[in-house]
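Chains, contacts and geometry: an overview
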Amino acid sequence: NAEAYLRYIEDTSRQVVLARITYCSSGDSKYYLIVDNYNKMPPVLKEWISKFTKLVKTEEIGVNTLFNMMKSKEIDSELRECLIKLRESSDVVIVESFNDAAVPYTSILNDVNLVITVAPTYIALLDLDSFKEVTKQLMMMYGDEGLRMYRIINKVKKIYENSIEPSTLYEIKSEIVK
């Protein structure tokens, strides 16, 4: 079934094999090997991952442990610390979200002052107050699932939106040759 397959390949919990958490307060990084997913990998990829894990001290954990860590107050505090450090040394800080996430972590909503969403053939500048209100409402209703842009995009006011023509391979090659 194609729909089940697409859900499976979009499920981050089935994809993540290695994770790194960098602590801005200390500058240290910790590496984690997600054992369940590592065990499902083809041997040739396992070999590469194994070589890397020998270069860094890697702790073996389960995917639920990783996700719980990512939602912890400690990690939230570290992310806030990173954002503060970035702001101190930059005029503009761009925080990217991917995999249909509206924001990379929930507490950043308090610090957002511009939201642009880009998808294949589409770009939109979202009304900030509307975005924050809708996102908070959907988080209350759906938890983390409420942070998905597909749930938010049609409920939020847009300041600007435009369709973007996809580039052909020929156009891309032409640009490279110039």
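Numbering of residues begins from 1 in every chain and follows the order in which that chain's sequence is written. In keeping with the model being predicted, local features are shown solely for residues with a pLDDT of at least 70 and side-chain atom pairs are shown and tallied solely at 80 or more, while totals for entire chains, interfaces and linings include all residues. The side-chain quantities take in all heavy atoms of the structure and omit both hydrogens and water.

Some words on the pairing of strand S1 (residues 18-22)
Counted only if it meets this: Using a 1.4 Å probe on the protein chains alone, a residue whose accessible area is under 20% of its type maximum counts as buried, one over 50% counts as exposed, and one in between counts as partly exposed. In DSSP terms, a helix is any run of H or I states spanning at least four residues, a strand is any run of E spanning at least two, and both are numbered starting from the N terminus. Whether two strands pair comes down to DSSP finding at least two bridges between them.
Burial of the side chains of S1 is restricted to one face: Ala19 and Ile21 are buried, whereas none of Leu18, Arg20 and Thr22 on the reverse face is. The pairing of S1 with strand S2 (residues 29-34) spans 5 bridges and is classified as antiparallel. Of the residues in S2, the one forming a bridge with Thr22 is Ser29. With antiparallel pairing between neighbouring strands as the criterion, S1 and S2 make up a hairpin whose turn holds 6 residues, including Gly27 at a positive phi of roughly 85 degrees.

Here we look at helix H6 (residues 73-88)
As a reminder, the rule being used: By definition here, a helix of n residues has an expected span of 1.5 Å times n minus one. Think of the arc as the fan of directions from the helix axis to the C-beta atoms. In this description, contact between two residues means that some pair of their heavy atoms is separated by no more than 4.5 Å.
Look at H6: 23 Å from first C-alpha to last across 16 residues, which is about the 22 Å you get at 1.5 Å a residue. By the burial criterion, the buried members of H6 are Ile75, Glu78, Cys82 and Leu83. Down the axis, H6 shows its buried residues gathered within 140 degrees of arc, on one side only. Facing away from the buried side of H6 by over 90 degrees, the exposed positions are Lys73 and Glu88. Contacts from the buried residues of H6 go to S1 and helix H5 (63-70).

Some words on the pattern of salt bridges
Rules: Salt bridges, as used here, are contacts in which a Lys or Arg side-chain nitrogen is within 4 Å of a carboxyl oxygen on Asp or Glu.
This structure, assessed with the given rule, holds 7 salt bridges. For the salt bridge of Lys51 with Glu47, the shortest nitrogen-to-oxygen distance reads 3.7 Å. One end of the pair, Lys51, and the other, Glu47, are both in helix H4 (residues 43-55), 4 residues apart, so they sit about a helical turn from each other. For Arg87, the salt bridge goes to Asp111, with nearest N and O atoms at 3.7 Å. A residue pair is termed long-range when its members are at least 10 positions apart, and Arg87 in helix H6 and Asp111 in the loop between H6 and strand S4 (115-119) qualify at 24 residues. Through salt bridges with shared partners, one network takes in Asp100, Glu145, Arg148 and Arg151.

Section: the packing of aromatic side chains
Formally: Aromatic pairing here means that ring centres of Phe, Tyr or Trp (its six-membered ring) are within 6.5 Å. Orientation follows from the plane angle: under 30 degrees is stacked, over 60 is edge-to-face, and everything else is tilted. Geometrically, a lysine NZ or arginine CZ counts as sitting over a ring once it is within 6 Å of the ring centre and also within 35 degrees of the ring normal.
The final tally for this structure, using the stated rule, is 1 aromatic pair. We note Lys46 situated over the ring of Tyr38; from NZ or CZ to the ring centre the distance is 5.5 Å. The ring centre of Trp48 lies 5.1 Å from the NZ or CZ of Lys51, which sits over that ring.

Thoughts on the sheet that holds strand S6 (residues 158-163)
Either a parallel or an antiparallel arrangement is found when strands of a sheet pair, and the pairing is made through backbone hydrogen bonds. To keep it simple, the criterion reads: For helices, the fitted axis covers only the stretch in contact; all axes are lines through C-alpha atoms, and the angles between them, taken along N-to-C directions, range from 0 to 180 degrees.
In space, the 3 strands of this open sheet follow the order S4-S5-S6, with antiparallel pairing throughout. Each edge of the sheet is formed by a strand with only one pairing partner; in this case those strands are S4 and S6. The mean angle between the axes of side-by-side strands here comes to 10 degrees, regardless of whether they run parallel or antiparallel. Summarising the sheet, strand S5 (residues 122-126) and S6 pair through 5 bridges and their orientation is antiparallel. When the sheet's bridge partners are listed, Tyr122 is paired in S6 with Ser163.

Brief notes about the side chain of Ser130
Looking at the element boundaries, Ser130 is found in helix H7 (residues 128-142). You can call Ser130 buried: its relative accessible area is 13%. Leaving out residues up to four positions away in the same chain, Ser130 has contacts with Lys155, Val156 and Lys157.

Thoughts on the confidence of the model for the protein
As a reminder of what qualifies: One number per residue, pLDDT, summarises how confident the predictor is, and it ranges from 0 to 100.
Averaged over all residues, the pLDDT of the protein equals 86, while 88% of them reach at least 70. Considering each helix and strand of the protein separately, the mean pLDDT is smallest for helix H1 (residues 2-10), with a value of 65, and largest for strand S3 (residues 58-61), with 96.

Examining the nonpolar core
Spelled out, the test is: Here, nonpolar core refers to any group of buried Ala, Val, Leu, Ile, Met, Phe, Trp, Tyr and Cys residues whose side-chain atoms link them within 4.5 Å.
Of all hydrophobic cores here, the largest spans 18 residues; its most connected members are Val103, Ile108, Leu126, Phe131, Met149 and Ile152. Every element with two or more residues in this core is listed here: S5, H7 and helix H8 (149-152). Element by element, the count of residues in this core is highest for H7, at 3 residues. For Phe131, the contacting residues outside a window of four places in its chain are Ala102, Val103, Leu109, Val115, Leu126, Met149, Ile152 and Val156.

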